[in-house]
Amino acid sequence: MEHADAVVVGAGPGGSAAAHFLAEAGHDVVLIEKESFPRDKVCGDGLTPRAVQALRSVGLADEAEGAPPGWQRQQGLRMYGGGVVLDLPWPQLEDWPAHSVTATRATMDEALARNAVKTGAHLWERTEVTGPVWQRASQRRVAGVRYRREDGTEGEIRAPIVLAADGGSSRFAVALGLHRLENRPMGVAIRAYYRSPRAEMGMMEGFLELYRGMGEGGAEGGAKKELLPGYGWIFPLDDGLVNVGWGLLNTSEHFRSTNYRRTLDEWVAGFPPEWGMSAATRVGRPRSAGLPMAHNRKPPLYRGAMLVGDAAGMVNPFNGEGISYAIEAAAFAAEAADTALRARSDGPLLRYERAVADAWGGYYTLGRIFVDLIGQPAVMRFCTEHGMPRPALMRFVFRMMAHLTDRRPKDLTDAVLNTLSRAVPAA
Ligand SMILES: Cc1cc2nc3c(=O)[nH]c(=O)nc-3n(C[C@H](O)[C@H](O)[C@H](O)COP(=O)(O)OP(=O)(O)OC[C@H]3O[C@@H](n4cnc5c(N)ncnc54)[C@H](O)[C@@H]3O)c2cc1C
């Protein structure tokens with residue numbers, strides 16, 4: 001039987017950040033990952049200014065600037081919809097940077113995991129956590145994890161602090177008896193890589209109009225086309241590739257009946273030829289995955305284990321962003337764990353749940369109302385047609401969706417969004 005101060009399950013952004021923060025606080029941390037780095041992960045590979053800040057918080061300062069090879073920096077978001085193309089620079093704010101960065105998850109997640117190791121965490125790769133170790137037979141409190149290495153050897157490691165950061169399907173949370181809440185929003189998105197001149201555009205791109213049944217030639221060519229209440233993206237990457245994808249929410253009636261792969265192919269076929277995206281320039285095969293949103297697994301502290309990131313369904317329901325929230329939650333969890341370890345008491349762990357609720361509880365409640373509304377094609381169409389031609393309104397929507405406000409309000413957008421987020425209860 002091995003021992004540590006803390007064991008972290010999963011070395012995605014949430015797990016690696018938690019291991020970094022705990023090691024930085026002087027604790028003995030074991031970070032367990034079933035794959036080995038570099039490893040692929042289905043994602044848009046986009047880090048908004050909020051996530052850039054999160055990278056800075058773990059000390060990846062160069063990556064946060066988009067400086068190392070494999071990283072790229074952008075000025076803003078170009079939005080397409082309602083017959084309008086709108087360039088929205090990232091806002092100039094006190095609390096947040098004014099740029100975004102991109103990197104493939106192979107590059108990004110390896111940087112985060114190696115950073116945790118540099119800080120002092122022990123990374124066990126090719127090691128799968130197979131279940132919890134309980135403190136007592138009553139199974140009230142987790143006291144460690146069971147694991148199996150690639151070579152088949154099995155073992156147990158005990159620790160007073162256990163964090164589950166094992167992604168959306170979180171087998172660990174399920175083993176604790178904590179399942180997803182079916183009435184909370186969930187997204188599914190698909191992405192593919194293309195070699196394209198769009199990799200040089202210096203902007204992220206977002207698309208509010210996606211159609212099903214577009215046929216050859218894209219939206220214009222199809223006689224029967226149906227607006228989907230989802231959105232698409234093209235995110236440029238450093239090495240001549242773009243990440244192209246689109247996603248849909250489970251609040252939409254099309255959620256289960258849509259062929260995601262075919263819709264992606266039809267949408268890409270409608271791009272201008274000079275964008276250079278076709279089967280011939282596609283790299284690898286398209287892959288899809290779920291986005292667990294708006295705290296769709298709770299509470300984040302359960303039977304002594306802390307759930308971080310997708311394991312606790314922490315993806316922002318407004319825009320599908322999950323990396324920043326996984327890293328921010330890791331910081332809250334590590335702070336609570338550090339206090340609990342020093343006090344030799346579980347009491348301070350409760351601070352984790354409170355910190356998450358205070359940080360985004362109200363905002364995510366608003367997000368649940370938002371996804372219910374835009375799950376209806378008629379509402380989505382109305383918003384696109386009437387919103388896109390109004391740049392001032394779109395700048396407000398942009399900041400609301402990217403969750404970018406200053407704590408000390410500098411303008412009306414800060415004041416309205418902060419007040420709304422505080423007025424609406426976390427749930
Ligand atoms: C198509 C798509 C596009 C997206 N685009 C973006 C985007 O552009 N920007 C953004 O911010 N977010 C995006 N997201 C969301 C984002 O990918 C997630 O929110 C983010 O990865 C959450 O990080 P995490 O650390 O919680 O979990 P994960 O990144 O899922 O990491 C979990 C880790 O745990 C490991 N693991 C799992 N089980 C075990 C086990 N039993 N033992 C050991 N290890 C285990 C896994 O191998 C993995 O490394 C997208 C999601 C999808 C599906």
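Here the structure is a predicted model, which is why all the values come from computation and not from measurement.

As for the overall build of the protein chain
Part 1 of the reasoning: Looking only at helices and strands, one finds 11 helices and 22 strands in the protein chain.
Part 2 of the reasoning: Its C-alpha atoms give the protein chain a radius of gyration of 21 Å, near enough to 22 Å, the size a compact globule of 427 residues would have.
Part 3 of the reasoning: Dimensions of the protein chain, computed from the C-alpha atoms along their principal axes, are close to 65 × 50 × 40 Å.
Part 4 of the reasoning: A burial count over the protein chain gives 56% of its 427 residues as buried.
Part 5 of the reasoning: For the protein chain, restricting intrachain contacts to residue pairs at least 6 apart in sequence, the fraction spanning at least 24 positions comes to 71%.
Part 6 of the reasoning: Accessible surface computed for the protein chain: about 18000 Å², of which carbon and sulfur atoms make up 51%.
Part 7 of the reasoning: On the protein chain, the mean spot of the 49 positive side-chain charges and the mean spot of the 49 negative ones are 5 Å from each other.

Quick notes on the sheet that holds strand 8 (residues 100-102)
Part 1 of the reasoning: Pairing is antiparallel across the open sheet formed by 3 strands, whose spatial order is 4-8-5. Because the sheet does not close on itself, it has two edges, and the strands there are strand 4 (46-47) and strand 5 (72-74).
Part 2 of the reasoning: The pairing of strand 5 with strand 8 spans 3 bridges and is classified as antiparallel. Bridge pairing in strand 8 links Gln72 to Thr102.

Some details on the site of the ligand
Part 1 of the reasoning: Taken together, the neighbourhood of the ligand is formed by 38 residues, with Glu33, Arg39, Gly44, Gly46 and Asp310 sitting nearest.
Part 2 of the reasoning: Separating an oxygen atom of the ligand from a backbone N or O atom of Gly14 is a distance of 2.9 Å.
Part 3 of the reasoning: Gly44 is positioned such that a nitrogen or oxygen atom in its backbone is 2.7 Å from a nitrogen atom of the ligand.
Part 4 of the reasoning: Calculation on the ligand without its partners gives an accessible area of 1000 Å², and the protein chains cover 94% of this total.
Part 5 of the reasoning: Of all the secondary structure elements, the ones that give two or more residues to the shell around the ligand are helix 1 (13-24), strand 10 (127-134), strand 18 (230-236), strand 20 (282-292) and helix 7 (323-343).
Part 6 of the reasoning: Looking at the shell around the ligand residue by residue, the class counts come to 16 nonpolar, 11 polar and 11 charged.

Thoughts on the pairing of strand 2 (residues 6-9)
Part 1 of the reasoning: The alternating pattern of strand 2 places Ala6 and Val8 and Val7 and Val9 on opposite faces, both of which are buried.
Part 2 of the reasoning: Crossover connection from strand 2 via helix 1 to parallel strand 3 (residues 29-32): handedness right-handed.
Part 3 of the reasoning: Relative to strand 13 (residues 161-164), strand 2 runs parallel, the two sharing 4 bridges. Along strand 13, the bridge assignment pairs Val8 with Leu163.

So, the nonpolar core
Part 1 of the reasoning: In this structure, Val145, Ile157, Leu163, Phe172, Met306 and Tyr352 are the most contacted members of the largest nonpolar core, which totals 110 residues.
Part 2 of the reasoning: For this core, the leading source of residues is helix 7, giving 11 residues.
Part 3 of the reasoning: Setting aside chain neighbours within four positions, we find Ile157 in contact with Glu2, His3, Ala4, Val7, Val30, Ile32, Trp124, Ala143, Gly144, Val145 and Tyr147.
Part 4 of the reasoning: One finds Phe207, Leu228, Ile234 and Tyr260 within the second-largest nonpolar core, a separate group that totals 23 residues.

Thoughts on the packing of aromatic side chains
Part 1 of the reasoning: Under the defined criterion, the tally for this structure stands at 18 aromatic pairs.
Part 2 of the reasoning: A centroid spacing of 6.2 Å and a plane angle of 70 degrees characterise the contact between Tyr80 and Trp275, whose relative ring orientation is edge-to-face. Highlighted residues: Tyr80 in strand 6 (residues 76-81) and Trp275 in the loop between helix 6 (260-269) and strand 20, separated in sequence by 195 residues.
Part 3 of the reasoning: Taking relative accessible area as the criterion, Tyr80 reaches 17% and is therefore assigned buried.
Part 4 of the reasoning: Pairwise contacts between aromatic rings join Phe318, Tyr325, Phe332, Trp360, Tyr363, Tyr364 and Phe370 into one cluster.
Part 5 of the reasoning: Above the ring of Trp124, the side-chain terminus of Arg149 is found at 4.7 Å from the ring centroid.

Observations concerning the environment of His403
Part 1 of the reasoning: Looking at the secondary structure, you find His403 in the loop between helix 10 (391-402) and helix 11 (412-423).
Part 2 of the reasoning: As for His403 and Asp310, which are separated by 93 residues in sequence, their C-alpha atoms are 18 Å apart.
Part 3 of the reasoning: Those residues in contact with His403, other than ones at most four positions away along the chain, are Arg50, Asn316, Tyr325, Ala359, Trp360 and Tyr363.
Part 4 of the reasoning: Within the local environment of His403, its side chain forms a polar contact with the side chain of Tyr325, the two groups lying 2.8 Å apart.

Brief notes about the sheet that holds strand 14 (residues 186-195)
Part 1 of the reasoning: Overall, mixed pairing links the 7 strands, which are arranged 7-6-15-18-19-14-20 in an open sheet. Each edge of the sheet is formed by a strand with only one pairing partner; in this case those strands are strand 7 (84-89) and strand 20. With direction set aside, neighbouring strand axes in the sheet form an average angle of 20 degrees.
Part 2 of the reasoning: In terms of strand pairing, strand 14 meets strand 19 (residues 241-249) through 9 bridges, oriented antiparallel. Following the sheet pairing, Gly187 is matched in strand 19 by Leu249.

With respect to a nonpolar patch on the surface
Part 1 of the reasoning: A surface patch of nonpolar side chains, amounting to about 260 Å² of accessible area, comprises Leu412, Val416 and Leu420.
Part 2 of the reasoning: Mapped onto the elements of the fold, Leu412 is located in helix 11.
Part 3 of the reasoning: Take Leu412: its relative accessible area is 66%, and that puts it in the exposed class.

Observations regarding the pattern of salt bridges
Part 1 of the reasoning: Applying the stated rule across the entire model yields 23 salt bridges.
Part 2 of the reasoning: Across the pair Glu205 and Arg78 runs a salt bridge whose closest N-O atoms are separated by 3.5 Å. With Glu205 in strand 15 (residues 204-207) and Arg78 in strand 6, the pair connects residues that are 127 residues apart, well separated along the chain.
Part 3 of the reasoning: According to the relative accessible area criterion, Glu205 is buried, its value standing at 0%.
Part 4 of the reasoning: What makes Arg78 buried here is its relative accessible area of 18%.
Part 5 of the reasoning: The salt bridge involving Arg399 is made with Asp414; its shortest N-O contact spans 2.4 Å. Note that Arg399 is positioned in helix 10 and Asp414 in helix 11, a separation of 15 residues in sequence.
Part 6 of the reasoning: According to the relative accessible area criterion, Asp414 is buried, its value standing at 0%.
Part 7 of the reasoning: Via salt bridges that share partners, Arg78, Asp87, Arg198 and Glu205 belong to a single interconnected network.

Calculation criteria
Residues numbered from 1 in each chain as written. Predicted model: local features only at pLDDT ≥ 70, side-chain atom pairs only at ≥ 80, totals over all residues. Heavy atoms only, no water. Helix = DSSP H or I, 4+ residues; strand = E, 2+ residues; numbered from the N terminus. Rg over C-alpha atoms; globule rule 2.2 N^0.38 Å. Buried < 20%, exposed > 50% of the residue type's maximum accessible area, 1.4 Å probe, protein only. Contact = heavy atoms within 4.5 Å. Areas by Shrake-Rupley, 256 points an atom, 1.4 Å probe, with all protein chains shown as cover. Lys, Arg positive; Asp, Glu negative; His and termini not counted. Charge placed at Lys NZ, Arg CZ, Asp CG, Glu CD. Pairing = 2+ DSSP bridges. Near = heavy atom within 4 Å. Polar contact = N/O pair within 3.5 Å; in protein donor to acceptor, adjacent residues only side chain to side chain. Nonpolar A, V, L, I, M, F, W, Y, C, P; charged D, E, K, R; others polar. Right-handed = clockwise from strand over helix to strand, strands pointing away. Core = buried A, V, L, I, M, F, W, Y, C linked by side-chain atoms within 4.5 Å. Phe/Tyr/Trp six-rings, centres within 6.5 Å; stacked < 30°, edge-to-face > 60°. Lys NZ or Arg CZ within 6 Å of the ring centre and 35° of its normal. Axes fitted to C-alpha atoms, helices over the stretch in contact; angles between N-to-C directions. Patch = residues over 30% accessible without salt bridge, like charges linked within 9 Å, V, L, I, M, F, W, Y side chains within 5 Å. Salt bridge = Lys/Arg side-chain N within 4 Å of Asp/Glu carboxyl O.

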